[in-house]
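Remarks on the overall topology
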2 protein chains.
Amino acid sequence: MPDPRLIALDWGTSNLRARLLGDGGACLEERSAGCGVMAVPAGGFNAALVDVCGDWLRAHAVPLLASGMVGSRQGWMEAPYLACPAGPASAATALTLVPVDAGPAAAKRTLHVVPGLCWQDPNGVADVMRGEETQVWGAGVAAGGLCVLPGTHSKWVWTDPAGRIAGFRTFMTGELYSLLCQHSILGRLMDPAAGEDLASFDAGVRRGLGGSAVATHAIFAARTAGLMGTVPPSGLRDHLSGILIGAEIGGALAESPPRPHDADSTLTLIGDEGLCRRYARALQLAGRASRPAQAQATLRGQWIVANAAGLVSSPFLSQNE
Amino acid sequence: MPDPRLIALDWGTSNLRARLLGDGGACLEERSAGCGVMAVPAGGFNAALVDVCGDWLRAHAVPLLASGMVGSRQGWMEAPYLACPAGPASAATALTLVPVDAGPAAAKRTLHVVPGLCWQDPNGVADVMRGEETQVWGAGVAAGGLCVLPGTHSKWVWTDPAGRIAGFRTFMTGELYSLLCQHSILGRLMDPAAGEDLASFDAGVRRGLGGSAVATHAIFAARTAGLMGTVPPSGLRDHLSGILIGAEIGGALAESPPRPHDADSTLTLIGDEGLCRRYARALQLAGRASRPAQAQATLRGQWIVANAAGLVSSPFLSQNE
């Protein structure tokens, strides 16, 4: 095995993904565990880390870096938010240092936690992210570009001419979708065994994109469509997904107000492949082109921050992809 | 006791409210029970009715009329939807007749079920209501007026120059509010013991009314505001309520497209007093005046339909209010 240079932790709400990285960010070993921030009791983060990669800590005296919800108030230690615009260089100067006790057989260590970002829109409305900033820095988003990270709390992020994150907006699309499927009057009409129904999805996207679509009206209209048989029970779930994604895209394209991004430019999609395909399809219905992010955006972003902080000394090598 | 003339049933999803009415719609006796449509097993509606007002059925050979979800597919018998425009006169010709067995000691009877309404907006999106039509007919809404029935599924209803219901839109505001309070990441930040916080409500309304507010973004922004302390935990519930009501009002005022109603006209608010006060406050922030509906809108609407159908022979007398 080549010499390890960094232990990189992608420590989110539900999972911890740990990687042992060599020169140029080459991934030597990778592990993941269910000890996300929500599953670890207060005071239990050191033990959780040792559980997952105590052998690495004992064997390799390399730096540790973490991004994600581990830096939140519910995490190991709160890493204060960094204000936008923010790039890897400013994050590197604002790492939160957490002492790690790897046991009597190992040297005392320090975990470097990447700060989350905050941004205020022109109306003074604040927004926050934690973990996504590192993904964006590693995703190869062009300067002045716009990217989307679909998910429970979808993020729309735009970069400035220097490639830093200039601002962002969050949409509670995924969480709302789950709530409505599980607990609403609409969910009761859904066929739980249904496969994908892209025609119902597309119809939902068109409804959601319509400027006049207030989400609470469009959602009820989906229920009526289910009741009337206009949308089959097997298509209702995808129809709802389309409405919510369409409303998100319509709203986000209309309002991301300090527009460094050209209205004709290609958007970058970052995250789960299936969900990104769904967003790409909806964006196409909205007349916008998109492309997938560079592979291994999180790992690459973590390496770039570690490099900017002097924790590692080689740039990320793209042959690792 | 004056002679009874009608048994009127307001039979909804959660409750049955039964009234024994005399000349002019005077309420002689009133009962309510928890045997709403969701609580009655299939085939159990006759028994539920006899449980609540079997003594009336045995003592008084008067007609029976019902409005509400009892006419839905999950109710006693499905009463087909009537298309808009629709007034009490057309409903009176489209009552669904359900035989009632009040037991050996009573004559066979017939329940007259008021039809629900359906409407298609100019984009072909269908909407439905059941029960609210009767409230609107009884609420004293002016011809060419606009009224709002706030609730789990808020309805915005406008009338034509002849006073009939011309069209309507439903917003899933109340259901979404409950889901988010009970099950979302935002709900976890709320202080369950908090009293009313009208300043947080107003701030939410202003956010929701803002044309740029995509609901899924505004809801996440509320969570960030809670996290940042901009809105106190004790005010988050009302802040969310304001956002959702503001988004509903903003969307509904902008889009109710066949506008028989003057943009300067006063809206009529129908339903729960506390919730109507909240909507009146939010409407005022949107620059629109509102007034409460006439009292006893449901009873009055039921009497008007019964009179149009020839089931009773006197007009509703306003001294009953």
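That block above? That's the structure.
Residues numbered from 1 in each chain as written. Chains lettered and ligands numbered in written order. Predicted model: local features only at pLDDT ≥ 70, side-chain atom pairs only at ≥ 80, totals over all residues. Heavy atoms only, no water.

A separate point is the interface of chain B and chain A. Every contact between the two is made by 38 residues of chain B and, on the other side, 38 residues of chain A. Between chain B and chain A, roughly 3,600 Å² of surface is buried when both sides are summed, and carbon and sulfur atoms account for 69% of that area. For the interface between chain B and chain A, the tally reads 0 salt bridges. Here the side of chain B that touches chain A takes 10 residues from helix α6 (residues 215–228) of chain B, the largest share from any one element. (Contact = heavy atoms within 4.5 Å. Buried area = accessible area lost by both parts, 1.4 Å probe. Salt bridge = Lys/Arg side-chain N within 4 Å of Asp/Glu carboxyl O. Helix = DSSP H or I, 4+ residues; strand = E, 2+ residues; numbered from the N terminus.)

Let us look at the pattern of salt bridges. Taken as a whole and assessed by the stated rule, the structure comprises 28 salt bridges over all chains. Of the charged contacts in the structure, one is a salt bridge between A:Arg5 and A:Asp23, with a shortest N-O distance of 2.7 Å. Of the two residues, A:Arg5 is situated in strand β1 (residues 4–11) and A:Asp23 in the loop between β2 (16–22) and β3 (27–33); the sequence distance between them amounts to 18 residues. Given a relative accessible area of 44%, A:Asp23 falls into the partly exposed group. The shortest N-O distance in the salt bridge between B:Glu273 and B:Arg277 comes to 3.8 Å. In this pair, B:Glu273 and B:Arg277 are both assigned in helix α8 (residues 273–285), 4 residues apart and thus about one turn of the helix distant. Linked by salt bridges that have partners in common, A:Asp3, A:Arg5 and A:Asp23 make up one network. (Buried < 20%, exposed > 50% of the residue type's maximum accessible area, 1.4 Å probe, protein only.)

After a rotation of 180° and a shift along the axis of 0.0 Å, chain B superposes on chain A with an RMSD of 0.0 Å. The superposition operator between the copies reduces to a two-fold rotation axis. (Least-squares fit on C-alpha atoms with pLDDT ≥ 70 in both.)

Quick look at the packing of aromatic side chains now. All told, the structure shown has 8 aromatic pairs over all chains when counted by the stated rule. Taking 6.1 Å as the distance between ring centres and 75° as the angle between the ring planes, the aromatic pair formed by B:Trp11 and B:Trp76 counts as edge-to-face. Residue B:Trp11 is located in strand β1 (residues 4–11), and its partner B:Trp76 is located in the loop between β4 (64–67) and β5 (82–83); the two are separated by 65 residues in the primary sequence. We note that B:Trp11, like B:Trp76, is buried. Consider the rings of B:Phe45 and B:Trp76, whose centres lie 6.3 Å apart with planes at 20°: the pair is stacked. One end of the pair, B:Phe45, is in helix α1 (residues 45–59); the other, B:Trp76, is in the loop between β4 and β5, and 31 residues separate them in sequence. For the pair B:Phe45 and B:Trp76, one class covers both residues: buried. Taken together, the ring pairs connect A:Trp11, A:Phe45 and A:Trp76 into an aromatic cluster. Sitting above the plane of the A:Phe201 ring, A:Arg278 keeps its charged end 4.7 Å from the centroid. (Phe/Tyr/Trp six-rings, centres within 6.5 Å; stacked < 30°, edge-to-face > 60°. Lys NZ or Arg CZ within 6 Å of the ring centre and 35° of its normal.)

Residues and elements named next belong to chain A. Cis rather than trans, the peptide bond between Cys84 and Pro85 has omega equal to 0°. With respect to the secondary-structure elements, Pro85 resides in the loop between β5 (82–83) and α2 (88–92). The residue Gln296 is not glycine, and still its phi comes out positive at about 55°. When you line up the elements, Gln296 lands in the loop between β14 (290–292) and α9 (297–308). Residue classification places Gln296 among the partly exposed positions, given a relative accessible area of 32%.

Attention shifts here to the pairing of strand β7 (residues 109–113) of chain B. Across a regular strand the side chains alternate sides, sitting on one face of the sheet and then on the other. Residues and elements named next belong to chain B. Counting buried positions over the 5 residues of β7 gives 4, a clear majority of the element. Note: β4 against β7, 3 bridges, orientation parallel. When the sheet's bridge partners are listed, Leu65 is paired in β7 with His112. Here strand β6 (residues 96–100) runs beside β7; their pairing, made up of 5 bridges, is antiparallel. Along β7, the bridge assignment pairs Pro99 with Thr110. (Pairing = 2+ DSSP bridges.)

Once that is clear, we can look at empty space enclosed by the protein. Tallied over the full model, the rule gives 1 cavity of 30 Å³ or more. Taken as a whole, the largest cavity encloses approximately 80 Å³ of empty space. A:Arg223, A:Leu227, B:Met69, B:Ser72, B:Arg73, B:Gln74, B:Glu78, B:Tyr81 and B:Arg130 are the residues that line the largest cavity. Residues that form the lining of the largest cavity fall into these classes: 3 nonpolar, 2 polar and 4 charged. (1 Å grid on protein atoms, 1.4 Å probe; cavity = no way out; pocket = protein on both sides within 12 Å on 5 of 7 lines; lining within 4 Å. Points joined across faces, edges and corners; volume = space filled by probe spheres on them. Nonpolar A, V, L, I, M, F, W, Y, C, P; charged D, E, K, R; others polar.)

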